[in-house]
Amino acid sequence: MIHKLTIQRNNSLHYGGDAGVERAATYYSVIRTVKLHGSFVWDFLETVFLRYLMNAVIL
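(A) Seen up close, the overall build of the chain. Looking only at helices and strands, the chain has 3 helices and 0 strands in total. Mapped in sequence order, the helices and strands of the chain form the string α-α-α. Here the chain holds 59 residues, and the buried ones make up 10% of them. Counting every atom, the chain has about 5700 Å² of accessible surface; 64% of that belongs to carbon and sulfur.

Okay, here's the thing in structure tokens:
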């Protein structure tokens, strides 16, 4: 567990500012919530992206 936190801390130096940190926090929050509900992350992301692409307007 400590090793994961250390790697996370080192990787967080490369977010490029406040906006990057906010995106990363949102990402990790969503991923952790999916895991807590017992779902598979890749299945969830597939569903999200498919729904997004099906509702996207082609310009």
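Picking up after the structure, the text goes on.
(B) Examining helix 2 (residues 18-36) more closely. Its 19 residues place the ends of helix 2 27 Å apart at the C-alpha level, agreeing with the 27 Å of an ideal helix rising 1.5 Å per residue. By the burial criterion, the buried members of helix 2 are Gly-20, Ala-24, Ile-31 and Val-34. Projected down its long axis, helix 2 carries its buried residues within an arc of 95 degrees, all on one side. Along helix 2, exposed side chains directed more than 90 degrees from the buried face belong to Asp-18, Glu-22, Thr-26, Arg-32 and Leu-36. As for helix 2, its buried residues are in contact with helix 3 (41-55). Once helix 2 ends, the next one or two residues include Gly-38, with phi positive near 80 degrees.

About the cut-offs
- Residues numbered from 1 in each chain as written.
- Predicted model: local features only at pLDDT ≥ 70, side-chain atom pairs only at ≥ 80, totals over all residues.
- Heavy atoms only, no water.
- Helix = DSSP H or I, 4+ residues; strand = E, 2+ residues; numbered from the N terminus.
- Buried < 20%, exposed > 50% of the residue type's maximum accessible area, 1.4 Å probe, protein only.
- Areas by Shrake-Rupley, 256 points an atom, 1.4 Å probe, with all protein chains shown as cover.
- Expected span 1.5 Å × (residues − 1).
- Arc of directions from axis to C-beta.
- Contact = heavy atoms within 4.5 Å.

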